[in-house]
Amino acid sequence: MTDEPGPAERALYLAAVRAGGRLRPEDLAPADRPTLAALVARGLLTPTATGWTAASPRALGDRIGLELRTRAVRLLRHAERLPGTLGPLSRAYDEARGPVGGPPAAGSPAVGSPAVGSVGSPAVALGGTVVGAAEVRGRVSELVSECREEVLAAQPGPRPLEGLRMALAQDLSLLRRGCSLRTLYQPVTLADTAVRSQVVLRTGQGAQVRVLAEPYERVLVFDRAVAVIPAAEDLSRAAFLTDPTTVAYLAAQFERDWARATPAGRHLDPPSVTTVRIGRLLARGLTQRAVATRLGVSERTVAAHISRLRDRYGAHTLFHLGWRLRGEHHD
């Protein structure tokens, strides 16, 4: 049986409603018997001594909704565990395949060496080099120090707080030199209060931040001359590209994403007490109507707060929002 009533079930149920909420055996044709049995199984029709009585569909909706949410939670938990489960296989595949596409040639340097990206690697073909995680931070720091005009940064996903704190002094120095710093985040990034505080320290000195609630690629562009992109899915290596055409393409891609994004002001302002209370109730699985009843406000008021929460967390549905809020602690 599917989650929702089919056309025949809907038609028979509506016939019962139009008949005063009751069905008698003489009202049914032989072909209606399977449909009748399905409606009874769903709880939309209740048997009585004289026939069947129509029941409220809301109970069915609540039951199906709970089943779907429970199923979705199981799927989301499985999705969160899957990368870790497949991690050993992915590492074995990467080691067998060699760095940045294809097995390493005999005598080639180890992964992460500055010389990775020798003849034939995609990075060199694009005018750049590939380095490991230990060197990425140092090279990026040098590029920030040497920057004279602008930095473009597309940073999807959560941002490590410690990394933001360590980079604060250098970012502020960049801004004081008159350089432009534009950063693109996803809503989940600014859901962290401590991260928002770090962002405010930068925007207060002239940095520009926008939020895009959709997937985009990670990239850093310095003075439209050097671009930095991941060279491994786990971000353990990065490619530093200097080919003018490639850098121009990546900068244009950033500009397209930037044009679709919204200013981060609404995400940086702390949520109101009512918004926090609504978020807490949504995280517990309550529906919009139940939240309104619990707080003694109208559903329209709750809907307005939910809209702000969706913007803040980049959630597309009410269940998605509740899932995003599940780990939040609102004190």
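Residues numbered from 1 in each chain as written. Predicted model: local features only at pLDDT ≥ 70, side-chain atom pairs only at ≥ 80, totals over all residues. Heavy atoms only, no water.

Caption draft 1: Structural view of a positive patch on the surface. Together, Arg 277, Arg 280, Arg 284 and Arg 294 give the surface a local cluster of positive charge. As for its placement among the helices and strands, Arg 277 is situated in helix α10 (residues 273–283). For Arg 277, a relative accessible area of 42% gives the class partly exposed. (Patch = residues over 30% accessible without salt bridge, like charges linked within 9 Å, V, L, I, M, F, W, Y side chains within 5 Å. Areas by Shrake-Rupley, 256 points an atom, 1.4 Å probe, with all protein chains shown as cover. Salt bridge = Lys/Arg side-chain N within 4 Å of Asp/Glu carboxyl O. Lys, Arg positive; Asp, Glu negative; His and termini not counted. Charge placed at Lys NZ, Arg CZ, Asp CG, Glu CD. Helix = DSSP H or I, 4+ residues; strand = E, 2+ residues; numbered from the N terminus. Buried < 20%, exposed > 50% of the residue type's maximum accessible area, 1.4 Å probe, protein only.)

Caption draft 2: Structural view of the sheet that holds strand β3 (residues 52–54). Taken in spatial order, the 3 strands line up as β1-β3-β2 in an open sheet, and their pairing is antiparallel. Edge positions in the sheet fall to β1 (22–23) and β2 (45–47), since each has one partner strand and no second. For β2 and β3, the ladder comprises 3 bridges, and the chain directions are antiparallel. The residue of β3 that forms the bridge with Pro 47 is Trp 52. (Pairing = 2+ DSSP bridges.)

Caption draft 3: Spatial organisation of the nonpolar core. Counting 20 residues, the largest nonpolar core has Val 140, Leu 174, Phe 222, Val 228 and Phe 240 as its most contacted members. Taken together, the elements giving at least two residues each to this core come down to α5 (133–146), β5 (150–155), α6 (161–176), β8 (219–222), β9 (226–230) and β10 (237–241). When residues no more than four places from it in sequence are discounted, the contact partners of Phe 222 are Val 140, Leu 143, Val 144, Glu 150, Val 151 and Val 228. Counting 16 residues, the second largest nonpolar core, distinct from the first, contains Leu 184, Val 219, Leu 241 and Ala 251. (Core = buried A, V, L, I, M, F, W, Y, C linked by side-chain atoms within 4.5 Å. Contact = heavy atoms within 4.5 Å.)

Caption draft 4: α6, seen in detail. For α6, built from 16 residues, the straight-helix expectation of 22 Å at 1.5 Å per residue is met to within 8% by its first-to-last C-alpha distance of 22 Å. Along α6, the largest kink reaches about 45° and is centred on Leu 168. Residues of α6 that are buried include every one of Leu 164, Leu 168, Asp 171, Leu 172, Leu 174 and Leu 175, and no others. (Expected span 1.5 Å × (residues − 1). Bend = angle between axes of the 7 residues up to and from the residue.)

Caption draft 5: View of the pairing of β10. Burial runs high along β10: 5 of the 5 residues are buried. Taking every second residue as pointing to the same face, both faces of β10 are buried, with Arg 237, Ala 239 and Leu 241 on one and Ala 238 and Phe 240 on the other. Here β9 pairs with β10 via 4 bridges, running antiparallel. Note on β10: the bridge partner recorded for Ile 229 is Ala 239.

Caption draft 6: Expanded view of the pattern of salt bridges. With the rule as written, the count across this model stands at 11 salt bridges. For Glu 150, the salt bridge identified is with Arg 224, shortest N-O distance 2.4 Å. Remark: Arg 224 occurs in the loop between β8 and β9 and Glu 150 occurs in strand β5; sequence separation between them is 74 residues. Owing to a relative accessible area of 14%, Glu 150 belongs among the buried residues under this scheme. You can call Arg 224 partly exposed: its relative accessible area is 41%.

Caption draft 7: Examining helix α11 (residues 288–295) more closely. Listed in full, the buried residues belonging to α11 are Val 291, Ala 292 and Leu 295. Projection of α11 onto a plane perpendicular to its axis shows the buried side chains occupying an angular sector of 100°, all on one side. Positive phi shows up at Gly 296, right after α11, with a value of about 70°. (Arc of directions from axis to C-beta.)

Caption draft 8: Here's a closer look at the packing of aromatic side chains. Enumeration over the complete set of coordinates arrives at 1 aromatic pair. For the pair Phe 254 and Trp 258, a centre-to-centre distance of 5.8 Å together with 25° between the ring planes defines the contact as stacked. Taken together, the residues Phe 254 and Trp 258, both in helix α8 (residues 244–260) and 4 residues apart, mark about one turn of the helix. Taken individually, Phe 254 and Trp 258 each receive the classification buried, so the pair is uniform in this respect. Directly above the aromatic system of Phe 240 lies the positively charged group of Arg 139, at a separation of 5.5 Å from the ring centroid. Its end group placed over the ring of Trp 258, Arg 182 keeps NZ or CZ at 5.2 Å from the ring centre. (Phe/Tyr/Trp six-rings, centres within 6.5 Å; stacked < 30°, edge-to-face > 60°. Lys NZ or Arg CZ within 6 Å of the ring centre and 35° of its normal.)

Caption draft 9: Seen up close, the pairing of β8. Along β8, one buried face is formed by Val 219 and Val 221 and the opposite face, lined by Leu 220 and Phe 222, is buried too. When β5 meets β8, the two strands line up antiparallel, connected through 4 bridges. Looking across to β8, one finds that Val 151 is bridged to Phe 222. In textbook terms, the turn of a hairpin is the stretch between consecutive antiparallel strands, and for β8 and β9 this stretch comprises 3 residues, one of which, Asp 223, has a positive phi near 55°.

Caption draft 10: Representation of the environment of Arg 218 in the model. Topologically, Arg 218 is positioned in the loop between β7 (208–211) and β8. Note on Arg 218: relative accessible area 24%, which makes it partly exposed. Spatially, the C-alpha atom of Arg 218 lies 9.4 Å from that of Phe 254, the residues being 36 residues apart in sequence. Sequence-distant contacts of Arg 218, that is, excluding residues within four places in its chain, are made with Ala 154, Gln 155, Pro 156, Arg 159, Val 228, Ile 229, Pro 230 and Leu 235. A distance of 3.1 Å separates a polar atom in the side chain of Arg 218 from a polar atom in the side chain of Gln 155. (Polar contact = N/O pair within 3.5 Å; in protein donor to acceptor, adjacent residues only side chain to side chain.)

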